[in-house]
Amino acid sequence: MQQAHKAILKVRHFAVRTPALRTLRSISTTSANREKHDNVASNSSRSASTTSSSQQQAVAAAAKAEPFLSGSSSVYVEDMYESWLQDPSTVHKSWDVYFRNVNSGALPGEAYQRPPSLGGSAVVPTGTSSSLATQGGLSVENVDKHLSVQALIRGYQVRGHYMSYLDPLNISRVSLEKMNEDLLHDNIFGGKMPFSEQDMEQEFILPHTTMIGGQEKSLKLKEIIHRLEETYCDKIGVEYMFINNREQCDWIREKFETPRIMELSEWEQRLTWERLLRATRFEEFLAKKWTSEKRFGLEGCEMLIPALKTLIDSASSAGVDSVVMGMPHRGRLNVLANVIRKDLDQIFCQFDSKLEPNDEGSGDVKYHLGMSHQRINHVSNRMVTLSLCANPSHLEAVDPVVQGKTKAEQFYQGDTKGEKVMSILMHGDAAFAGQGVVYETFHLSDLPAYTTHGTIHVVVNNQIGFTTDPRHSRSSPYCTDVAMVVKAPIFHVNADDPEAVIYVCKIAAEWRMRYRKDVVIDLVCYRRFGHNEMDEPMFTQPLMYQRIKKHANVFKLYTEKLKARGLVDDATVETKLDEYEKICETAIEKAKTETMLQFRHWLDSPWKGFFKDPYGKVDLKVADTGLPEEELKHIGEVMSQASDMNIHPGLKRTLKARGEMVANRTVDWALAEALAFGSLLKDGTHVRLSGQDVERGTFSHRHHVLHDQKVDKKTYVPLNHVSDNQAQYIVCNSSLSEYGVLGFELGYSMTNPNSLVLWEAQFGDFMNTAQCIIDQFISCGQAKWMRMSGLVLLLPHGYEGMGPEHSSARPERFLQMQNDDPDSFPVFGATDDFEVRQLQDANWIIMNISTPANYFHALKRQVALPFRKPLIIFSPKSLLRHPEARSSFDEMLSGEKFLRIIPESGPASENPEETRRLIFCTGKVYYDIKKERDERGLTNDVAITRIEQIAPFPFDLVEKELEKYPNARIDWTQEEHKNMGFYDYCKPRIRTTSKWSRRVHYTGRQPESAPASGSKASHIIQQKKLLNDAFRKL
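What counts, and at which threshold
Residues numbered from 1 in each chain as written. Predicted model: local features only at pLDDT ≥ 70, side-chain atom pairs only at ≥ 80, totals over all residues. Heavy atoms only, no water. Helix = DSSP H or I, 4+ residues; strand = E, 2+ residues; numbered from the N terminus. Buried < 20%, exposed > 50% of the residue type's maximum accessible area, 1.4 Å probe, protein only. Contact = heavy atoms within 4.5 Å. Areas by Shrake-Rupley, 256 points an atom, 1.4 Å probe, with all protein chains shown as cover. Phe/Tyr/Trp six-rings, centres within 6.5 Å; stacked < 30°, edge-to-face > 60°. Lys NZ or Arg CZ within 6 Å of the ring centre and 35° of its normal. Patch = residues over 30% accessible without salt bridge, like charges linked within 9 Å, V, L, I, M, F, W, Y side chains within 5 Å. Salt bridge = Lys/Arg side-chain N within 4 Å of Asp/Glu carboxyl O. Lys, Arg positive; Asp, Glu negative; His and termini not counted. Charge placed at Lys NZ, Arg CZ, Asp CG, Glu CD. Pairing = 2+ DSSP bridges. Axes fitted to C-alpha atoms, helices over the stretch in contact; angles between N-to-C directions. Polar contact = N/O pair within 3.5 Å; in protein donor to acceptor, adjacent residues only side chain to side chain. Parallel < 35°, antiparallel > 145°, perpendicular 65-115°, else oblique. Nonpolar A, V, L, I, M, F, W, Y, C, P; charged D, E, K, R; others polar. Expected span 1.5 Å × (residues − 1). Arc of directions from axis to C-beta.

A. Expanded view of the overall build of the chain. Along the chain, the regular secondary structure elements total 37 helices and 28 strands. For the chain, with 1034 residues in total, the buried portion stands at 58%. Considering only intrachain contacts with a sequence separation of at least 6, the fraction spanning at least 24 residues in the chain is 81%. Carbon and sulfur atoms make up 49% of the accessible area of the chain, which totals about 42500 Å².

B. The packing of aromatic side chains, seen in detail. Scanning the entire structure with this criterion turns up 33 aromatic pairs. Centroid distance W251 to W511: 6.0 Å. Interplanar angle 55°. Geometry classified as tilted. Of this pair, W251 sits in helix α11 (residues 246–257) while W511 sits in helix α20 (residues 498–515), and the two are 260 residues apart along the sequence. With respect to burial, W251 and W511 carry one shared label: buried. Residues F953 and F955 carry aromatic rings whose centres are separated by 5.2 Å and whose planes lie at 75° to one another, so their mutual orientation is edge-to-face. Taken together, the ring pairs connect F825, F828, F834, F953, F955 and Y985 into an aromatic cluster. When the ring centre of Y748 is taken as origin, the NZ or CZ atom of R688, which lies over that ring, is 4.6 Å away. The ring of Y926 carries R946 above its face, with NZ or CZ at 3.7 Å from the centroid.

C. Structural detail: a positive patch on the surface. Taken together, the side chains of K978, K987, R999 and K1033 make up a positively charged region of the molecular surface. Looking at the element boundaries, R999 is found in the loop between α36 (983–993) and β28 (1000–1005). Assessed through its relative accessible area of 61%, R999 is described here as exposed.

D. Main features of the pairing of strand β17 (residues 729–733). Summarising burial for β17: four of the five residues are buried, a large majority. Taken together, the five bridges between strand β14 (residues 686–691) and β17 define a ladder with parallel strand orientation. When the bridges of β17 are listed, L689 appears paired with V731.

E. Local environment of the sheet that holds β14. If you trace the seven strands from one edge of the open sheet to the other, you get β17-β14-β18-β19-β21-β20-β26, paired in mixed fashion. Each edge of the open sheet is held by one strand with a lone partner, namely β17 and β26 (949–951). Adjacent strand axes in the sheet meet at a mean angle of 20° when their direction is disregarded. As paired strands, strand β18 (residues 755–760) and strand β19 (residues 792–794) are joined by three bridges and run parallel to one another. Following the sheet pairing, W759 is matched in β19 by L793. Where helix α26 (residues 669–682) meets the sheet, its contacts fall on β14, β17, β18 and β19, and the angle it forms with β14 comes to roughly 140°.

F. Spotlight on unusual backbone geometry. The peptide bond linking A951 to P952 adopts the cis configuration, its omega dihedral lying at -5°. Secondary-structure assignment places P952 in the loop between β26 and α35 (955–964). Positive phi, normally seen in glycine, also occurs at H703, with a value near 55°. Of note, H703 is situated in the loop between β14 and β15 (706–707).

G. Focus on the side chain of R1005. Within the secondary structure layout, R1005 lies in strand β28. For the buried R1005, which has no salt bridge, the nearest side chain bearing the opposite charge is E975, at an N-O separation of 5.2 Å. If we skip the residues at most four places from it in the chain, R1005 touches Y799, Q974, E975, E976, H977, K978, H1019, Q1022, Q1023 and L1026.

H. Quick peek at the sheet that holds strand β8 (residues 421–428). A sheet is described by the order of its strands in space; here eight strands give the open sequence β3-β10-β11-β9-β8-β4-β7-β6, paired in mixed fashion. Edge positions in the sheet fall to β3 (236–239) and β6 (371–377), since each of these pairs with one other strand and no more. Strand after strand, the sheet turns through a mean of 20° between neighbouring axes, direction not considered. Strands in contact with helix α14 (residues 332–340) are β4 (322–326), β6 and β7 (382–388); relative to β7, the strand with the most contacts, it is inclined by about 165°.

I. Just the side chain of S909, in detail. Mapped onto the fold, S909 is located in helix α33 (residues 907–910). Relative accessible area serves as the criterion here: at 15%, S909 is assigned to the buried category. A distance of 2.6 Å separates a polar side-chain atom of S909 from the backbone oxygen of G906.

J. Quick peek at the environment of I376. With respect to the helices, strands and loops of the structure, I376 is situated in strand β6. Placed 60 residues apart in sequence, I376 and S316 show a C-alpha to C-alpha distance of 10.0 Å. Excluding anything up to four places from it in sequence, I376 contacts N381, R382 and M383.

K. Structural context of the packing of helix α24 (residues 629–638) against α26. The contact between α24 and α26 brings their axes to 9 Å, and the two run at 110°. Overall, the two elements α24 and α26 adopt an arrangement that is roughly perpendicular. Contact with α24, carried on its side by E631, L632, I635 and G636, involves L671, A674, L675, G678, S679 and K682 of α26 and no other residues of that element. Class assignment for the residues of the contact of α24 with α26 results in five nonpolar, three polar and two charged.

L. The arrangement of the environment of R516 in detail. Following the sequence through the fold, R516 ends up in the loop between α20 and β11 (519–524). Considered as a pair, R516 and G418 are 98 residues apart in the sequence and their alpha carbons are 7.2 Å apart. In this structure the side chain of R516 is engaged in a polar contact, spanning 2.6 Å, whose partner is the backbone oxygen of K417.

M. Geometry of the pattern of salt bridges. Inspection of the entire model under this criterion finds 53 salt bridges. The salt bridge involving K220 is made with E201; its shortest N-O contact spans 3.5 Å. Linking K220 in strand β2 (residues 218–220) with E201 in the loop between α9 (181–188) and β1 (203–205), this pair joins segments that are 19 residues apart in sequence. Within the structure, one salt-bridge network assembled from shared partners comprises E835, R861, K897, R900 and D956.

N. Spotlight on helix α37 (residues 1016–1030). An ideal rise of 1.5 Å per residue puts 21 Å on 15 residues; α37 measures up with 21 Å between its terminal C-alpha atoms. Those residues of α37 that sit buried are H1019, Q1023, L1026, L1027, D1029 and A1030. Looking down the long axis of α37, one finds its buried residues gathered within 160° of arc, a one-sided arrangement. Set apart from the buried face of α37 by more than 90 degrees, the exposed residues are I1021 and K1024. Buried residues in α37 make contact with β24 (917–921), α34 (925–936), β27 (969–977) and β28.

O. Just the pairing of β7, in detail. A large share of β7 lies buried, amounting to five of its seven residues. Inspection of the sheet shows β4 paired to β7 by four bridges, in the parallel sense. When the bridges of β7 are listed, S322 appears paired with T385. Judged from the seven bridges that link them, β6 and β7 form a sheet pairing that is antiparallel. When the bridges of β7 are listed, I376 appears paired with M383. As consecutive antiparallel partners, β6 and β7 are separated by four residues, and within that stretch N381 has a phi angle of approximately 60°, a positive value.

Encoded structure:
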């Protein structure tokens, strides 16, 4: 009889191809069923060969006993059955269920299970032992109810967060009891609730997609709804169902749905309360002592402090040794005091308007400052280093900087999985939704060369941006929706529920350590005062602030809750408050003894062992940047080989040409760069080059990563094979981002001074989308925060007819921010090295180099200096292959160095008093001017001096040139427009050098608004005019 059934099974011709039932099928098979399914298929396959024709006939006869097979072809049944015997996955699920029921021993007429109605949205239970069978058979009504329960559970999991009590002020959500029933059903269930009052007492089997039952396999409907609302619609809103990873979703379900899992121990409750006390009392103390000072306090979100400390506790317990943090100004002083543990007297000093800084530079307001501190974590009993990066008022600008610093720390510690170093980023709600750099930073999170293996994001959601309501500051339901692009789970939590906040933080830290992925905590709170303490918020949000005035702070609310539980009493509260008050009073008395502000105490990236003393003293000596010829030759040969790679024929020619240059003791731009990198790597200096298309180079000149033409993903990086014990070279193409990636590389460069970190723009013109990082961090980071960086910016620049967006790296902008005085010739001590002292005083170094050898020395000098300064290089395009832009090994040997200017070396220099014109220029235009001069036969009349280091300006060397050519007319020639480029910076400094006795004439393009012409013909006309003007009246 069973054999007959096996044939009957082949006939089911039944419409389960609709989208709704396909959804049911996709989530129906549990792992146990799949295992059974596989065993059945295996056994069936072995028995297939023994099936006789008589058995096939028996099957056909038995088919008549199945009503649903009436009118079906027995041939069709047999074909279906044979397919199932070979591979169960080749038949529809409905057949598979039927075949398995027959194999389990079901009699004819009983193995078939009626499908659910097309309106169902979950799987049909298929086992004959299911409780549905015990509830009066598989009626359509019972199936529909079970499917509806599954849909209900999924509705809460997907949309329950919309119904949760997140707003402490209870403005943004009406209570469930008062909410329209249809609206509730639309949000949770997606339609009308298909249950009656009687159904509430019915018990339903729980699907494997929920953990609300704990050890229970079934629950009454009313209990299912109660537990779902308790999990998803209380003080925590969990967004995670957009994550396309089943195991991760199940893990989150387990952490939130398991009954009673979110309860804290009494010790955790007391610890949270004590931390909340300090956070609250700190703000109250500042408000009492400095009533009219801006401090951007944390009132309304005091739970941020216990939250951060919980994150650090959990991470430290899991093995993290260092946490790098970034945040905006709101709450920064509280974080410094109670999380980083900055000395309170040092914080209080910042409020004294009479104290002058003891350090050079501008300093910064107290709520922008950073700090690094190593201390014991008393929960994990392990040492942990906490760093809070300094940040300007550009709220989210610090995000990529933190990520870069974190990545660097991971690299230097050999932490390839993010087990030892972790980042935490704090955000404001309006900035998190509104600032594009947030999106750029998220998109670095999983890129191999940029990932920090998961960041914990904490949004201090004040529900307002300065004076702007959320409905006017974002288009998405939540300020955190941007995080969904990287599938980061988002935990919304009411900041007035300390225990919910602490639990969410524990889970967030656990998620990060388990999955090494980003996670977001949306700390929904309020801002008790205005944008700052002097601001009046009632002008724009009168109703909100009327409610805030009546609303008790979270410390008072939680104190009352713990009193009711018997965990604290009035005496304990008063004692703890008095203890912290005394700590603050003692600190303020100590602060009064300070006579100077010490910004060095606020370093977020201290370099231990780099300076001679805590005040940054150094020996003003520069190490030799030249190399022995043997080393130049060795590195050059390494760069001319491809190991066993099957490389592109064009690359074979490139490598052959490199080898020929090495043999001829000459270098071009790309080889000079490789020689500099290789020598640094050989000496143990880590080199990292990042940017768009840098592996090959925008102009196909670099080729630092060779790709095999036959084996996918097989690559070879020659510079990682210079010597056995060399440092690692990282060259990585970045995402199509300037703001985020440049910020990342800045953070990377801050961590270790004994490294060379470079960022190259695809074209220098594109650096303007990273202007915030340049303006707020790179140009003035040392002045504001005592923070040095040796970051190198390579900005391709040059007028070659490529249009307004591919010609200018805007040198005038960088030069405008240079800190030297155009009207003052620098004066140093008699024993000082003028060049090094100038560099020490500069905020950064700006170059427009014209020879490969000078580029080589510039890169080497960046590491050889006894201090670190950002270096801006306006790198060439056409010079990469210009036949005259070549250098000899002789210019790169030991004893040679970077040339700040390259003076005339031709006939004019031999008879300088007869020279009629001295042209100062910089960069590529030199080759154009020289060619024109030589063609006109003016080599005796015109001297051309190249200024290679534009800033700090080489006053001493320019002075010698002016003295050498006393009768020559002085010209500044450039290819940029007159209101751009280098003219406005260099002219007054040349005048100062000549003691204002000699006029500086201009040759170049006339003022314009656009950097360059979009017409090739116009470019040629302008270039020809420039060259004619350079030699007019000669």
